[in-house]
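# Close look at the chain arrangement
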2 protein chains.
Amino acid sequence: MFTGLSAFPLTPVSETDVDESAFFDLVARLDRAGVDSIGALGSTGSYAYLTREQRRRLAEVAVRAAGRTPVLVGIGGLRTVDVLRHAEDAQAGGASAVLLAPMSYQPLTDEEVYDLYADVTATLSVPLVVYDNPGTTHFTFSDELHGRIAALPRVGSIKIPATPADPQAARERVEQLRARIPSHVTIGVSGDPAAAGGLLAGCDAWYSVLGGLWPQACLALTRAAQRDDPDTASSISDDLAPLWELFGDYGSLRVVSAIAEQMGLVGAPNLPRPLQGLPDGARHRVDQAVRGLAPILARH
Amino acid sequence: MFTGLSAFPLTPVSETDVDESAFFDLVARLDRAGVDSIGALGSTGSYAYLTREQRRRLAEVAVRAAGRTPVLVGIGGLRTVDVLRHAEDAQAGGASAVLLAPMSYQPLTDEEVYDLYADVTATLSVPLVVYDNPGTTHFTFSDELHGRIAALPRVGSIKIPATPADPQAARERVEQLRARIPSHVTIGVSGDPAAAGGLLAGCDAWYSVLGGLWPQACLALTRAAQRDDPDTASSISDDLAPLWELFGDYGSLRVVSAIAEQMGLVGAPNLPRPLQGLPDGARHRVDQAVRGLAPILARH
């Protein structure tokens, strides 16, 4: 389950509500495209901003919409007690796996994070993906800590931040982590601009923001890397460079939100305030980039 | 209301519950000590980890326990809609002011933070303290943004992070910010080790973690700075250096939690998991430091 393309759809929200019908369609679209798994309620799915009840319902909607595609459900929260409740709800809703980032307000120690994973995995009946995302959690995993957590029962994969741009450095990064973790635990790259490099460096999976919106292009990139065709994988990633630049400037969430609006997949606004959609100038840049990418998208 | 010593008590919690009775006593103790205001549900009060209902009740308890001392209540949350609800509850509970930090999961833009404060102040009937705490919110205010927000109606004070250790640099820091904000908006320093330096550099208030536990010593420091007695203020701060070192090593929250336990003011554990109390080695260091400080505390 934790290999290939894992696609992370948006959760379209209004000020107080969630657009479950648009969310259903976003997930169903990924199933039809043939992605390897679907990551519901990831960072791109705004899990951190939603109530327990909203998350419980969305997990069920995702599983229904995903058909036979396995669904990973994000269970993160600031308190262990909330994480345990989200885990219970996700499993009851039919999640094939759960995804857990060590969200923080007060900075967490290594022991606190280890114990969080120990407490949660002790109660799980489905596998867990360790979600290493320092940009949102402000917690930095050491490889030593990754190794200890990966040895816990039911840990199936680690979602790591972007691998280094240099291919040799990327390979070393993946090998270094691999040496610390059990062989059944896969490594998945995130940070879409690093996806081709990460897969070619030996990552087993791509946990992908863009995959939640443009699954075909991301599948083409993933399949090329999987069949050991580095030129095709890199060339697809290079084609998408205008998008990677926008991700860097505005954050991937705001950019995919703007594109999804433009494609008519979600209404506007669709991000949880205080988060806002892109301002007009940025939207114009996104429109131009998407127009420029049309021939490339048509190919996949 | 936004001058002098503002003392921030702990909120003692268990895995799912809050010890309201211990919290009442912590707050009443600060009122008896004569602090200038009480900051309930600040970072030290673990606001970010509590439910709306817990926060609503704790605001009421704090106001009851505080007698005539004004109570500031923390209203932060990841979503604007939640912040508005907390503001409503705090005001209904009798808060004299509210305290708002721009909590984040996805990194926030300046415009998003400005609009958050604009949305919230538009609904308030009590003044608001802007809570600038990059260590927990991961948002960094520019002085330009501080100036725009401070000009909003009902903004009464800015709680800034530690001022620089060098006295001249500290004065420059405070003057720089002062030049950007309306004259009725006060500046309060936080980061307890910087308190004496911040007050002597011109800050109007000290938003204090240690003040929530040892109000007398902190009042002595504050009053010395207020009567322009830099030697006494600095010497009290220097006496407390062993504590400042522990704050740096373990975070002020975990250290005051351990001391409050030792003093019998709160039970154990009292922090919201995944946060944990200090491990034994650290507790031993804290015990030793507190024993060493006993003669100093006895003086105040």
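In this report, the structure presented in the accompanying data block is examined. (Residues numbered from 1 in each chain as written. Chains lettered and ligands numbered in written order. Predicted model: local features only at pLDDT ≥ 70, side-chain atom pairs only at ≥ 80, totals over all residues. Heavy atoms only, no water.)

### A closer look at the sheet that holds strand S4 (residues 97-100) of chain A
Paired through their backbone hydrogen bonds, the strands of a sheet run either parallel or antiparallel. Residue and element names in this part refer to chain A. Put simply, the test is: Pairing between strands is defined by DSSP: at least two bridges between them are needed. The numbering of helices and of strands both runs from the N terminus, where a helix is a DSSP run of H or I of at least 4 residues and a strand a run of E of at least 2. Only the stretch in contact is used when a helix axis is fitted, and all axes are lines through C-alpha atoms; the angle between N-to-C directions ranges over 0 to 180 degrees.
Sheet architecture is closed into a barrel: eight strands sit in the order S1-S2-S3-S4-S5-S6-S7-S8, paired in parallel fashion. The sheet shows a mean angle of 25° between the axes of neighbouring strands, direction not considered. Pairing of strand S7 (residues 186-189) with strand S8 (residues 205-208), which is carried by two bridges, proceeds in the parallel orientation. By the bridge assignment for S8, Val-189 is matched with Trp-206.

### Digging into helix H12 (residues 252-262) of chain A
Here is the rule: For every residue, the accessible area (1.4 Å probe, protein chains only) is compared with the maximum for its type, and the residue is labelled buried under 20%, exposed over 50%, or partly exposed between those bounds. Two residues qualify as a contact provided that any one of their heavy atoms is within 4.5 Å of a heavy atom in the partner residue.
Among the eleven residues that make up H12 of chain A, eight are buried, leaving the element largely enclosed by the rest of the structure. Listed in full, the buried residues belonging to H12 of chain A are Leu-253, Arg-254, Val-255, Val-256, Ser-257, Ala-258, Ile-259 and Ala-260 of chain A. Looking at the buried positions of H12 of chain A, the neighbouring elements they touch are helix H11 (241-250) and helix H13 (280-299) of chain A together with helix H4 (110-121) of chain B. Where H12 of chain A ends, the next residue or the one after it, Gly-264 of chain A, has phi of about 75°, a positive value.

### Focus: the relation of the copies chain A and chain B
One copy of the chain maps onto the other through a rotation about an axis followed by a shift along the same axis. The condition is simple: We superpose the copies by least squares over the C-alpha atoms of residues that have a pLDDT of at least 70 in both of them.
Relative to chain B, chain A is turned by 180° and slid 0.0 Å along the rotation axis, the superposed coordinates differing by an RMSD of 0.0 Å. Expressed as an axis order, the relation between the two copies is that of a two-fold axis. Taking the C-alpha atom as reference, chain A places His-138 of chain A closest to the rotation axis, 4.0 Å from it.

### Overview of the pattern of salt bridges
How we decide: Think of a salt bridge as a Lys or Arg side-chain nitrogen and an Asp or Glu carboxyl oxygen that are within 4 Å of each other.
This model, assessed by the stated rule, comprises 32 salt bridges over all chains. Several salt bridges converge on common partners, so that one network encompasses Glu-53, Arg-56 and Glu-60 of chain A.

### What to know about the environment of Thr-69 of chain A
Residues and elements named next belong to chain A. Within the secondary structure layout, Thr-69 lies in the loop between helix H2 (52-65) and strand S3 (71-74). Along the backbone, Thr-69 and Asp-36 are 33 residues apart, and their C-alpha atoms lie at a distance of 6.6 Å. Every residue in contact with Thr-69, bar those within four places of it in the chain, is listed here: Asp-31, Val-35, Asp-36, Ser-37 and Ile-38.

### As for the sheet that holds strand S4 (residues 97-100) of chain B
All names here are of chain B. Ordered in space as S1-S2-S3-S4-S5-S6-S7-S8, the eight strands form a closed barrel in which the pairing is parallel. Here the strands of the sheet are splayed against their neighbours by 25° on average, with no regard to which way each runs. As judged from the four bridges shared by strand S5 (residues 128-131) and strand S6 (residues 155-160), these two strands associate in the parallel manner. Looking at the pairing, Val-129 lines up with Ser-157 of S6. Strand contacts of H4: S4, S5 and S6, with the helix running at about 165° to S5, the strand carrying the most contacts. Packed onto the sheet, helix H9 (residues 215-226) meets strand S1 (4-7) and strand S8 (205-208) and runs at close to 155° relative to S1.

### Describing the pairing of S4 of chain B
All names here are of chain B. Going by this rule: Throughout, right-handed denotes a crossover for which the path from the first strand over the helix to the second runs clockwise when the strands point away from the viewer.
Burial of S4 is two-sided: the residues Ala-97 and Leu-99 facing one way and the residues Val-98 and Leu-100 facing the other way are all buried. Of the strand pairs in this sheet, strand S3 (residues 71-74) and S4 are connected by three bridges, and their pairing is parallel. Bridge assignment links Gly-74 to a residue of S4, and that residue is Leu-99. Handedness of the S3-helix H3 (residues 80-92)-S4 crossover: right-handed. Where S4 lies against S5, three bridges are found, and the strand directions are parallel. If you follow Leu-100 over to S5, its bridge partner there is Val-130. What joins S4 to S5 is H4, and the crossover it makes is right-handed.

### Comments concerning the packing of helix H12 (residues 252-262) of chain B against helix H13 (residues 280-299) of chain B
Residue and element names in this part refer to chain B. The line we're drawing: Relative orientations are named as follows: roughly parallel for angles under 35 degrees, roughly antiparallel for angles over 145 degrees, roughly perpendicular for angles from 65 to 115 degrees, and oblique for any other angle. Throughout, a crossing is termed right-handed when the near helix is turned clockwise from the far one, and left-handed when it is turned anticlockwise from it by less than a right angle.
At a minimum axis separation of 10 Å, H12 and H13 run at an interaxial angle of 70°. Here H12 lies roughly perpendicular to H13, going by the angle between them. The element H12 and its partner H13 pack so that their crossing is right-handed. Residues Val-255, Ala-258, Ile-259, Glu-261 and Gln-262 of H12 pack against Arg-283, Val-286, Asp-287 and Val-290 of H13.

### Some remarks on the packing of aromatic side chains
What counts, and what does not: Each pair of aromatic rings taken from Phe, Tyr and Trp, with Trp reduced to its six-membered ring, is defined by centres within 6.5 Å and is described as stacked if the planes are under 30 degrees apart, edge-to-face if over 60, and tilted in the remaining cases. Whether a charge lies above a ring is judged from NZ of Lys or CZ of Arg, which has to be within 6 Å of the ring centre and within 35 degrees of the ring normal.
With the rule as written, the count across this model stands at twelve aromatic pairs over all chains. Between Phe-8 of chain A and Tyr-207 of chain A the ring centres are 6.1 Å apart and the planes differ by 85°, which places this aromatic pair in the edge-to-face class. With Phe-8 of chain A in the loop between strand S1 (4-7) and helix H1 (20-33) and Tyr-207 of chain A in strand S8, the pair connects residues that are 199 residues apart, well separated along the chain. The buried category is assigned to Phe-8 of chain A, whose relative accessible area is 3%. For Tyr-207 of chain A, a relative accessible area of 3% translates into the label buried. Joined through ring pairs, the aromatic side chains of Tyr-47 and Tyr-49 of chain A together with Tyr-105 of chain B make up one cluster. When the ring centre of Phe-8 of chain B is taken as reference, the NZ or CZ atom of Lys-159 of chain B above it lies at 5.6 Å.

Interpretation note: all reported values are geometric properties and have no functional meaning in isolation.
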